Amino acid sequence: MNNDIPVRELGPQGEVMAHAVDACVHCGFCLPACPTYALLGDEMDSPRGRIVLMKEVLEGGLDLLDAAPHLDRCLGCQACVTACPSGVPYGELITSFRGWSEPQRRRSPLDRAKRYAILKALPAPRLFSVAARVGQYAKPLAPALPAALRGPLDLLPEHVPAMQPSPRVTPAQGPRRGRVAFLTGCAQQALAPNFNAATLRVLARNGIEVVIPEGQGCCGAAALHTGARDEALRLVRANLDAFNPDDYDAVLSNAAGCGAGLKEYPVILHGLHDEARAKAFAAKVQDISEYLAGLVREGGLEPFMPASRSLKVAYHDACHLAHAQGVRAAPRELLRMIPGVSIVEIPEGDLCCGSAGTYNLEQPELAGQLGARKAGHILSTAPDLIASGNIGCHTQIQSHVRRQGSAAPVMHTVEVLDRAYRGEL
Amino acid sequence: MTPEKLALTTTSPAPRPRSEGGTDSALAAELTRSLGPKKVLSNLSERLSYRYDAIQFGVTPLAVVLPESTEDVIATVRAARRAGVSIVGRGAASGLSGGAAPMREAVVISFTRMTKLEIFPERREAVAQPGVITLAVTEAARPHGLIYPPDPASFRTSTIGGNLGENAGGPLCFKYGVTGDYVTALDFVDAEGELHSLTRDAYDLAGLLIGSEGTLGLITSATLRLTPPPRFTRTLMAHFAEVGQVAEAVSAAIAAGAVPGKLEFMDGACTNAVEDYLHLGLPRDAGAVLLVDTDGDDLDTVEEERALVEAACLQAGGQVRRAASDAESAALWQARRSVSPALGRIRPQRMNEDIVVPRSVLPEVVREIRALGDASGLKLVQFGHIGDGNLHPNILFDPRRESEEAVHLLAHQIALVAIRHGGVLSGEHGIGTMKREFMRDAVDPETMTALRNVKRALDPAGALNPGKILPDPEDA
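Residues numbered from 1 in each chain as written. Chains lettered and ligands numbered in written order. Predicted model: local features only at pLDDT ≥ 70, side-chain atom pairs only at ≥ 80, totals over all residues. Heavy atoms only, no water.

**Considerations on a negative patch on the surface**
Residue and element names in this part refer to chain B.
In step 1: A cluster of like negative charges, contributed by D297, D298, D300 and E304, occupies part of the molecular surface.
In step 2: Summarising the element assignment, E304 is placed in helix α11 (residues 299–315).
In step 3: The exposed category is assigned to E304, whose relative accessible area is 53%. (Patch = residues over 30% accessible without salt bridge, like charges linked within 9 Å, V, L, I, M, F, W, Y side chains within 5 Å. Areas by Shrake-Rupley, 256 points an atom, 1.4 Å probe, with all protein chains shown as cover. Salt bridge = Lys/Arg side-chain N within 4 Å of Asp/Glu carboxyl O. Lys, Arg positive; Asp, Glu negative; His and termini not counted. Charge placed at Lys NZ, Arg CZ, Asp CG, Glu CD. Helix = DSSP H or I, 4+ residues; strand = E, 2+ residues; numbered from the N terminus. Buried < 20%, exposed > 50% of the residue type's maximum accessible area, 1.4 Å probe, protein only.)

**Focus on the UniProt feature "domain: FAD-binding PCMH-type" (unreviewed entry) in chain B**
In step 1: In this structure's numbering, the residues bearing the UniProt feature "domain: FAD-binding PCMH-type" (unreviewed entry) are residues 57–229 of chain B.
In step 2: As a span, residues 57–229 of chain B carries 22% helix and 24% strand, and end to end its C-alpha atoms are 38 Å apart. (UniProt positions renumbered as here; feature names shortened; annotations may be inferred.)

**Thoughts on the sheet that holds strand β5 (residues 117–120) of chain B**
All names here are of chain B.
In step 1: Read across the sheet, 5 strands follow the order β5-β6-β9-β7-β8 without closing on themselves; strand pairing throughout is antiparallel. Among the strands making up the open sheet, the edge pair consists of β5 and β8 (195–199). The mean angle between the axes of side-by-side strands here comes to 15°, regardless of whether they run parallel or antiparallel.
In step 2: Where strand β7 (residues 183–189) and β8 come together, 5 bridges link them in antiparallel fashion. Considered in β8, the bridge of V189 is made with L195.
In step 3: Lying over the sheet, helix α5 (residues 134–141) contacts β5, β6 (125–128) and β9 (218–225), oriented at roughly 40° with respect to β5. (Pairing = 2+ DSSP bridges. Axes fitted to C-alpha atoms, helices over the stretch in contact; angles between N-to-C directions. Contact = heavy atoms within 4.5 Å.)

**A look at the sheet that holds strand β3 (residues 208–211) of chain A**
Strands belonging to one sheet form pairs held by backbone hydrogen bonds; the direction of such a pair is parallel or antiparallel.
All names here are of chain A.
In step 1: An order of β1-β3-β2-β4-β5 is seen for the 5 strands of this open sheet, with the pairing classed as mixed. Each edge of the open sheet is held by one strand with a lone partner, namely β1 (169–170) and β5 (285–287).
In step 2: Direction of pairing for strand β2 (residues 178–183) relative to β3: parallel, over a ladder of 4 bridges. Its bridge partner being in β3, V180 is matched across the sheet by V210.

**Some points on the interface of chain A and chain B**
In step 1: On the side of chain B, 50 residues touch chain A, which itself brings 46 residues to the contact.
In step 2: Carbon and sulfur atoms make up 54% of the area that chain A and chain B hide from each other, which totals about 3700 Å².
In step 3: R51 of chain B is paired through a salt bridge with E56 of chain A; the nearest N and O atoms lie 2.5 Å apart.
In step 4: Every element with two or more residues in the side of chain A that touches chain B is listed here: α3 (35–40), α4 (47–59), α5 (64–72), α6 (79–83), α8 (109–121), α21 (359–362) and α22 (364–379) of chain A. (Buried area = accessible area lost by both parts, 1.4 Å probe.)

**Description of the pattern of salt bridges**
In step 1: Evaluated as defined, the whole model comprises 51 salt bridges over all chains.
In step 2: The salt bridge involving E68 of chain B is made with R113 of chain B; its shortest N-O contact spans 3.6 Å. Here R113 of chain B lies in the loop between β4 (106–110) and β5 and E68 of chain B lies in the loop between β2 (63–65) and α4 (70–83), a separation of 45 residues in the sequence.
In step 3: With relative accessibility at 39%, the residue E68 of chain B sits in the partly exposed group.
In step 4: Sharing partners across several salt bridges, the network here consists of R201, D418, R422 and E424 of chain A.

**Remarks on helix α17 (residues 445–458) of chain B**
All names here are of chain B.
In step 1: With 14 residues, α17 should reach 20 Å at 1.5 Å per residue; the first-to-last C-alpha distance of 20 Å fits that figure.
In step 2: Buried-residue contacts for α17 involve β7, α8 (205–209) and α16 (439–442).
In step 3: N-capping of α17 is provided by D444, with a side-chain oxygen placed 3.1 Å from the backbone N of E446. (Expected span 1.5 Å × (residues − 1). Polar contact = N/O pair within 3.5 Å; in protein donor to acceptor, adjacent residues only side chain to side chain.)

**Side note on the packing of helix α9 (residues 243–255) of chain B against α11 of chain B**
All names here are of chain B.
In step 1: It is at 8 Å that the axes of α9 and α11 come closest, and there the two elements cross at 140°. For the pair α9 and α11, the sense of crossing is right-handed. On α11, the residues touching A249, A252 and A253 of α9 are V309, A312 and C313.
In step 2: Classifying every residue of the contact of α9 with α11 by side-chain character gives 6 nonpolar, no polar and no charged. (Left-handed = near helix turned anticlockwise from the far one by under 90°. Nonpolar A, V, L, I, M, F, W, Y, C, P; charged D, E, K, R; others polar.)

**Topic: helix α15 (residues 404–420) of chain B**
Every α-helix carries 3.6 residues per turn, so stepping three or four residues along brings you back to the same face.
Residues and elements named next belong to chain B.
In step 1: In a regular helix each residue adds 1.5 Å, so 17 residues correspond to 24 Å; α15 covers 24 Å between its end C-alpha atoms and thus fits that length.
In step 2: Three or more residues of α15 are buried, namely V407, L410, A411, I414, A415, V417 and A418. Along the long axis of α15, the arc covered by the buried residues comes to 150°, so they all point the same way. Residues of α15 that are exposed and angled more than 90 degrees away from the buried face: E405, L409 and R420.
In step 3: Those residues of α15 that are buried lie in contact with β14 (349–352), β15 (355–356), α14 (362–376), β16 (379–385) and β17 (390–397).
In step 4: N-cap assignment for α15: the residue whose side-chain oxygen lies 3.2 Å from the backbone N of E405 is S403.
In step 5: Just beyond α15, the residue with positive phi is G422, at close to 85°. (Arc of directions from axis to C-beta.)

**What to know about the nonpolar core**
In step 1: Counting residues in each nonpolar core, the largest one holds 57 residues, and the members touching the most others are L290, I386, L391 and I395 of chain B.
In step 2: Put simply, the parts of the chain that give this core at least two residues each are β10 (232–240), α9, β11 (262–267), β12 (288–296), α11, α14, β17 and α15 of chain B.
In step 3: Setting aside residues no more than four positions away along its own chain, I386 of chain B makes contact with V246, A247, V250, L263, E264, F265, L290, R359, L362 and L391 of chain B.
In step 4: Core analysis: the next-biggest nonpolar cluster, separate from the first, contains 53 residues, L292, L335, I378 and V401 of chain A among them. (Core = buried A, V, L, I, M, F, W, Y, C linked by side-chain atoms within 4.5 Å.)

**Overview of the packing of aromatic side chains**
All names here are of chain B.
In step 1: Per the stated rule, a full pass over the model turns up 6 aromatic pairs over all chains.
In step 2: Where Y148 meets Y182, the ring centres are 6.1 Å apart and the plane angle is 80°; that geometry is what we call edge-to-face. Within this pair, whereas Y148 is found in the loop between α5 and α6 (160–166), its partner Y182 is found in the loop between α7 (173–176) and β7, the two being separated by 34 residues in sequence. In terms of burial, Y148 and Y182 fall into one category: buried. (Phe/Tyr/Trp six-rings, centres within 6.5 Å; stacked < 30°, edge-to-face > 60°.)

**Quick look at the state of the cysteines**
In step 1: Enumeration according to the criterion identifies 0 disulfides over all chains in this entry.
In step 2: Of the cysteine sulfurs around C393 of chain A, a residue in no disulfide, the closest is that of C353 of chain A, at 4.2 Å.
In step 3: With relative accessibility at 5%, the residue C393 of chain A sits in the buried group.
In step 4: C173 of chain B carries a free sulfur, and the closest cysteine sulfur to it, the one in C270 of chain B, is 17 Å from it.
In step 5: In this structure C173 of chain B comes out as buried when scored by relative accessible area, which is 6%. (Disulfide = S-S within 2.5 Å.)

**Some details on the pairing of β16 of chain B**
Residues and elements named next belong to chain B.
In step 1: The buried count for β16 comes to 6 of 7 residues, which makes it a mostly enclosed element.
In step 2: For β11 and β16, the ladder comprises 2 bridges, and the chain directions are antiparallel. Paired with M266 across the strands is F383, a residue of β16.
In step 3: From the end of β16 to the start of β17, which pair antiparallel, there are 4 residues, and G389 there has a positive phi angle of about 75°.

**Remarks on the packing of helix α12 (residues 193–205) of chain A against helix α24 (residues 413–421) of chain A**
Residues and elements named next belong to chain A.
In step 1: Across the interface, α12 lies against α24 with an axial gap of 8 Å and an inter-helix angle of 55°. Classed by the angle they form, the pair α12 and α24 counts as oblique. Seen from above, α12 lies across α24 with left-handed handedness. Touching N194, F195, A198, T199, R201, V202 and R205 of α12 are V414, E415, L417, D418 and Y421, all from α24.
In step 2: Considered class by class, the residues forming the contact of α12 with α24 number 6 nonpolar, 2 polar and 4 charged. (Parallel < 35°, antiparallel > 145°, perpendicular 65-115°, else oblique.)

Here it is, written out as structure tokens:
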């Protein structure tokens, strides 16, 4: 798409944005992939429309405030990236644009307070855990509360478990096959500590030593995707200091959103002095399922115990795993290795579940519609178990399938593997 | 944004920024009053989003109407006529000739919310509103053992209304025909806001509306023929050193009696653009790739036809690979469908040709076009529905570095190649704005007068999609 974006004034992120706009041939192949287009059916709430709006704002032909409602409704799911034959890096565009535009936004005090709270609580697992447990008791009051508070409460599981400290080093069982660094994640530690416990057990069982480097923190994705660029840069640099990629075979994440965030570091730092370090780091980042599938190819995994009965698993592709990281086959391959487990594909599987980071808090109505739609599709497959690789999807799907009356367990992929190892499946 | 529209689209607790880009158009205000704010877009951010299709940007519309019924369309057309404002119909805007891009200030009627679809299996028909997504017709028909064969590459995005406007084809059109072949009846709103119902008897007015790119009327409903899908399908891919060999193989296979369901080709540049996207292991070094489906209800015939095609390919110097599974053939067809947008990876902009030539001259035509491209210094690629003689030479360019005049000149030369060999300017994408000027070469003055008279009869004020298909009269 022709553009007159003043790249020189906008700096390195301007290059990223102009390149993405350039690459779009406005063919419309992205439209059917876009969740908000599916709900709203209008051009400005589609990826193609948003690219045009961002281009116009960057060129000075449209007021940011005019474009903002449509850009704010983007989930950042990147399904359009998968669908785009022209190779438009839409995710890089919207993230950079949000970072560029946020300082120019005028927001209400309540809105500002909420964003501040999210961005402070999310990267601080202990704070988040306390908040979540307080919230758990407030849950029954939710219907009486204003929408702004109801959203976050809706998201909380009925039971918020106690935090489990993770060991600095988890030694490999048997001969050591590898050594990896692990990002523990933020919200996930508070909401689903078993994800990490299961990850450590599965890796150790397969001869992998896992190190949780000190000084690591939030990956920065939430800050970046909500436009808090300075905050994001601080978090990114802290992680670059904490993880020395030369020390490990891989840097692992078991949260799709965090993993995608880590892989984005070179884009965030594009044109800044840490760019090379970010590239070396990102080259080592893998999702847990990618890494385990790699082990399958290099000597195999320890055998799983068969499931106690034949189990139909509905595997949900987290957007940040399937679209942002391109990881689709690995989790399915791993689950299929468990004797007795079969995978069912979810209709409209590429459509976002509506969780999308802070989207539930910012756009509760659209998030709710997508959540209900996803849960309906999942339940249409009559699964015995629902698996996914992202904490956000996990809480969203759990909450919506329960609301639709299903008691099917919802698990992280690695939890399913862990259970199979323990003969508890 | 008005409070009503807010209620429709979002309940974000964030305060809505008050639009500074509203229109002061009296027409927009009137439409909003009569249709309600949910159906009328008047903010700049909204209107800007309805000025383009997949090939070009036009003029920002005065207002955009998202009708939910034929009555809404009628009301919009009447209001626009009273205000003397022109009207542009729009589907998903995946068109490739500029057909949906307004060329002057206009009301855009975007049909994406008119999505009612009914299947009548006993009479093998579907009745669709114009906003129905093409693929949705087949998806709804399949449980009844039926499909809707016209399958443009954009079938996941494009709408039935857009298909009708452009008389869209697709890979299946060689054996099964194009959109127009599947329409048994349609309703349209004329330039004055009157509703008409057409069938295909007496004067084939429906045939006139199909492919008229919204310049003669706005189609509000269509009755479409459905067919049972073939029971067996076999896919093969062949690759060749040079693009003319593909055309030779195709001509020979058809001459030998094969009637494949699909016969598509793409040249080396296309193959590489798609391979960058899908990573299927397509032959990157090949000068051209041919994709063929033979299909039918009798497996022996299907296999025999595949053997005929294979032999023709080998004879023409190609290497042949059979798709081993349904998944493999689906992947190959996804590759073919992605060619057009994937070309964006080569240059940001393009001029898309859509010529049709007799099959007997295919080898000369593709070679002549290749030679023109090589001589021009511009990046020219070719793909298309070669079984139909429908070729899509595309000129890829970067307007910052390459002369648009040179692009236009090359496009004109290509059009002349087609005309010289007894071909036509458009197979399925329409004339739009892109090939409007070439109509002077393709149509003699007397026929042009007849076309102008037709346009004048149905749209005396020239209000419907102005600036498309017919070039301005020379003396104007």
